[in-house]
Amino acid sequence: MDINKLLQGVDHCPCGQKHTCQIQAVHIEKNAISRLAELCRDHQNILLVADNNTYPLCGEQTERVLAHRLTGKVVLHREGLLVPNEEAVAEIEGAMTEQTDLLIGIGSGVINDLCKYVSFQHKLPYYIIATAPSMDGYASTGAAMIMRSMKITYSAHVPTAILADVDVLKDAPMDMIQSGFGDIIGKYSALNDWLLS
């Protein structure tokens, strides 16, 4: 099944409803980042968001593909774990201008949540370039944040595009790959519990 064909919507579902999705493109393949040139053709003021771990994976390649369309870049430097909190949000917002028309995140859970949250607050689209298979939230509407030292999941929006280079994903740290596998198993049993209840 072609996922991008499915994203166009299902008109004749057996349930009688028409189903649509706000995600416009998903590309999981070798050299997926090269697709940015076509995907970003209508954007002229793009802000790139990464951290000190994810930027080295595909930040320079992303910059080359975007060329003059990239008008800002935020690399969130942290000694330990990056926390999706007010400080990180302020760093991203500080790099935005009134002309910013798209956010592109490079990362997995935290970067995705930060871009999802900030883009939703500013009514902008965002793309995510996946760097690890360790979480299942790339296509979700929930942004898991830590605000005022409390974990809060905000309802936001899905990314307009999801890109994942399989060579980057396969080289993710093994503990992140195992974490993603555990997440899939946990979701399967949790959904069955929900149906049974």
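Note: the structure precedes this text.
Note that the structure is a prediction, hence the values are computed from the model and not measured.

Engineer: Would you mind going over the overall build of the protein in detail, with residue names and values included?
Structural biologist: Of the regular secondary structure elements, the protein holds 7 helices and 8 strands. Expected size for 197 residues packed as a compact globule is a radius of gyration near 16 Å; at 17 Å, the protein falls within 12% of this value. With respect to the principal axes defined by its C-alpha atoms, the protein has extents near 50 × 40 × 30 Å. Going through the 197 residues of the protein one by one, you find that 42% of them count as buried.

Engineer: Go over the layout of surface pockets, please, and point to the residues and values.
Structural biologist: Approximately 510 Å³ is the volume found for the largest pocket. Looking at the largest pocket, it is lined by 24 residues, and the ones nearest its centre are Asp51, Asn53, Thr54, Ser108 and Met176. Every element with two or more residues in the lining of the largest pocket is listed here: helix H5 (109-121) and helix H6 (166-170). If one sorts the elements of the lining of the largest pocket by residue count, H5 sits on top with 3 residues. Of the residues belonging to the lining of the largest pocket, the class tally is 11 nonpolar, 9 polar and 4 charged.

Here is what the cut-offs are and how they apply
Numbers given for residues are sequential positions, taken from 1 along each chain in its written order. At least 70 in pLDDT is required for a residue's local features to be given in this predicted model, at least 80 for side-chain atom pairs to be given and counted, and no such filter applies to totals for whole chains, interfaces and linings, which use all residues. Side-chain numbers here rest on the full set of heavy atoms in the structure, without hydrogens or water. To qualify as a helix, a DSSP run of H or I must reach at least 4 residues; to qualify as a strand, a run of E must reach at least 2; elements of each kind are numbered from the N terminus. The size measure is the radius of gyration over C-alpha atoms, and the globule rule it meets is 2.2 Å times the number of residues to the 0.38 power. For each residue, the accessible area found with a 1.4 Å probe, counting protein chains only, is set against the maximum for its type, and the residue is called buried under 20%, exposed over 50%, and partly exposed in between. Points on a 1 Å grid, built from protein atoms alone, make a cavity when a 1.4 Å probe fits but cannot get out and make a pocket when they are open with protein on both sides within 12 Å along at least 5 of 7 lines; residues with an atom within 4 Å of a point are the lining residues. Grid points are joined across faces, edges and corners, and a volume is the space filled by probe spheres set on the points. Under the scheme applied here, ten amino acids are nonpolar (Ala, Val, Leu, Ile, Met, Phe, Trp, Tyr, Cys and Pro), four are charged (Asp, Glu, Lys and Arg), and all others, including Gly, are polar.

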